[in-house]
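For reference, the chains in residue letters:
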Amino acid sequence: MSAATETNAASPLRDAHDDDPRRYEHLTKVRLEDPQAIARAARARRRHPGAVLGKQNFIVAADHPARGALAAQGRPEAMADRRELLDRLQIALANPAVDGVLASPDIMDDLLLLGALEGKLVFGSMNRGGLTGFVNELDDRFTGHTAEALAALGADGGKMLTRIALGDPATASILENTARAIDSLAAHGLIAMVEPFLSGWVDGKVVNDLSPEAVIKSVAIAEGLGSTSAYTWMKLPVVADMERVMAATTMPTVLLGGDPAGHQDEVFASWGRALALPGVQGLTVGRTLLYPADGDVAGAVAAAASLLHTEEIKPKEASQ
């Protein structure tokens, strides 16, 4: 084990005030005895006022475990402990600058019961069937939220991972299913947050091509899916030459964090440069902030929040 991995494994979770193993037992009780409480919590929740150009949104992502992706910061099972994950999510969501969450149904239901989504943007994770390491990983079935379920929850939209592998026949179905999901969300007036990659198999693993040319091509394909793009957002990685990438779309775009290997300061600096570009509407980041190397979730979230632009962009006046 490397020194960095030892440090990560030993780092305490800062700002967690309760490590009682029974601290979330009440969620089990509600699920067992009163499952309708989740729907009631969703109906009673105060909604976010909505996205505005220039006021960049900060969305915390927590849908990784549903795809079997539990690793973070070199720890293979970092996200396996649900209690710890909920601790970290509540620390992040307590920062007023964090105005949204992207979660799989199980995690979203927990957060609803905890009252942690008041006034937040809520995005559901729709396709989690492409399990990490699965022989059919690219055949990414829609096994999570449906548009109908998200509408019933009062959510703002749904997110879909759209990996385009030109050498894998499963790509045909993922494109078709993504288009259908976009249409279904649009029919309910909900945002479709599409996360496209050009991907392929390398030594038995699915690898995303993060060259600017590949990202631009993935955007071109993804933004043409569905019978309308009225409600479509892009969710894109921060890569080299982001100016060219953002020139490829007029759609609102949020930046994803992934599980970067670089130093946190370098990662944040790259986010800051990308956030200054036209069309970038904010961050949708998970593991980088929920599992920082030093264990300081609140500090990592605050540092990322400081990068966001919060001044509304007014439309140019029409020429006389």
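Since the model is a prediction, treat every value here as computed from it, not as a measurement.

Reading guide: rules and limits
Residues numbered from 1 in each chain as written. Predicted model: local features only at pLDDT ≥ 70, side-chain atom pairs only at ≥ 80, totals over all residues. Heavy atoms only, no water. Core = buried A, V, L, I, M, F, W, Y, C linked by side-chain atoms within 4.5 Å. Buried < 20%, exposed > 50% of the residue type's maximum accessible area, 1.4 Å probe, protein only. Helix = DSSP H or I, 4+ residues; strand = E, 2+ residues; numbered from the N terminus. Contact = heavy atoms within 4.5 Å. Pairing = 2+ DSSP bridges. Phe/Tyr/Trp six-rings, centres within 6.5 Å; stacked < 30°, edge-to-face > 60°. Axes fitted to C-alpha atoms, helices over the stretch in contact; angles between N-to-C directions. Parallel < 35°, antiparallel > 145°, perpendicular 65-115°, else oblique. Left-handed = near helix turned anticlockwise from the far one by under 90°. Nonpolar A, V, L, I, M, F, W, Y, C, P; charged D, E, K, R; others polar. Salt bridge = Lys/Arg side-chain N within 4 Å of Asp/Glu carboxyl O.

Some points on the nonpolar core
- Among the nonpolar cores identified, the biggest contains 69 residues, and Phe-58, Leu-89, Leu-111, Leu-283 and Leu-289 are the most heavily contacted of them.
- Considering each element in turn, this core owes the most residues, six residues, to helix 4 (residues 82–93).
- Discounting chain neighbours no more than four positions away, the residues touching Phe-58 are Ala-97, Val-98, Asp-99, Gly-100, Leu-283, Leu-289, Val-301, Ala-304, Ala-305 and Leu-308.

Brief notes about the pairing of strand 5 (residues 191–202)
- Burial within strand 5 is extensive, with nine of its 12 residues counted as buried.
- By the bridge criterion, three bridges tie strand 5 to strand 7 (residues 232–237) in an arrangement that is parallel. Paired with Val-194 across the strands is Met-234, a residue of strand 7.
- As paired elements, strand 5 and strand 6 (residues 205–209) share five bridges and run antiparallel to each other. Residue pairing across strands places Ser-199 opposite Asn-208, the latter belonging to strand 6.
- A loop of two residues connects strand 5 with strand 6, the two strands running antiparallel in sequence, and Asp-203 in this loop sits at a positive phi of about 50°.

Overview of the packing of aromatic side chains
- Evaluation of the coordinates by the stated rule reveals two aromatic pairs.
- Note on Phe-123 and Trp-233: the rings are 5.9 Å apart at their centroids and 50° apart in plane angle, and the pair reads as tilted. Highlighted residues: Phe-123 in strand 3 (residues 121–125) and Trp-233 in strand 7, separated in sequence by 110 residues.
- Relative to Trp-271, the ring of Phe-268 has its centre 5.0 Å away and its plane inclined at 25°; by these criteria the two rings are stacked.

Concerning the packing of helix 10 (residues 264–275) against helix 12 (residues 297–305)
- Viewed as axis vectors pointing N to C, helix 10 and helix 12 meet at an angle of 30°, and their least axial separation amounts to 10 Å. Considering the angle they form, helix 10 stands roughly parallel to helix 12. Judged by the sense of rotation from one axis to the other, the crossing of helix 10 with helix 12 is right-handed. Contact residues: helix 10 offers Gln-264, Phe-268 and Trp-271, while helix 12 offers Ala-300, Ala-303 and Ala-304.

Section: the packing of helix 2 (residues 25–33) against helix 5 (residues 105–113)
- At a minimum axis distance of 11 Å, the contact between helix 2 and helix 5 shows a crossing angle of 105°. Regarding the angle of helix 2 to helix 5, the classification is roughly perpendicular. Between helix 2 and helix 5, the residues in contact are Leu-27, Val-30 and Arg-31 and Asp-106, Asp-109, Asp-110 and Leu-113, respectively.
- Here the contact of helix 2 with helix 5 is composed, by residue class, of three nonpolar, no polar and four charged.

With respect to the pattern of salt bridges
- Summed over the entire model, instances satisfying the criterion amount to 20 salt bridges.
- Between Arg-23 and Asp-87 there is a salt bridge whose closest N-O contact spans 2.7 Å. Residue Arg-23 is found in the loop between helix 1 (3–10) and helix 2, and its partner Asp-87 is found in helix 4; the two are separated by 64 residues along the sequence.
- Classification of Arg-23 by relative accessible area gives buried; the value is 16%.
- On the basis of relative accessibility, which here comes to 12%, the residue Asp-87 falls in the buried class.
- Across the salt bridge formed by Lys-29 and Glu-33, the nearest N and O atoms sit 2.8 Å from each other. Residue Lys-29 and its partner Glu-33 are located together in helix 2, separated by four residues, close to a single helical turn.
- Residue classification places Lys-29 among the partly exposed positions, given a relative accessible area of 48%.
- Looking at Glu-33, the relative accessible area reads 53%, which means it is exposed.
- One salt-bridge network, held together by shared partners, links Asp-63, Arg-128, Lys-159, Glu-195 and Lys-235.

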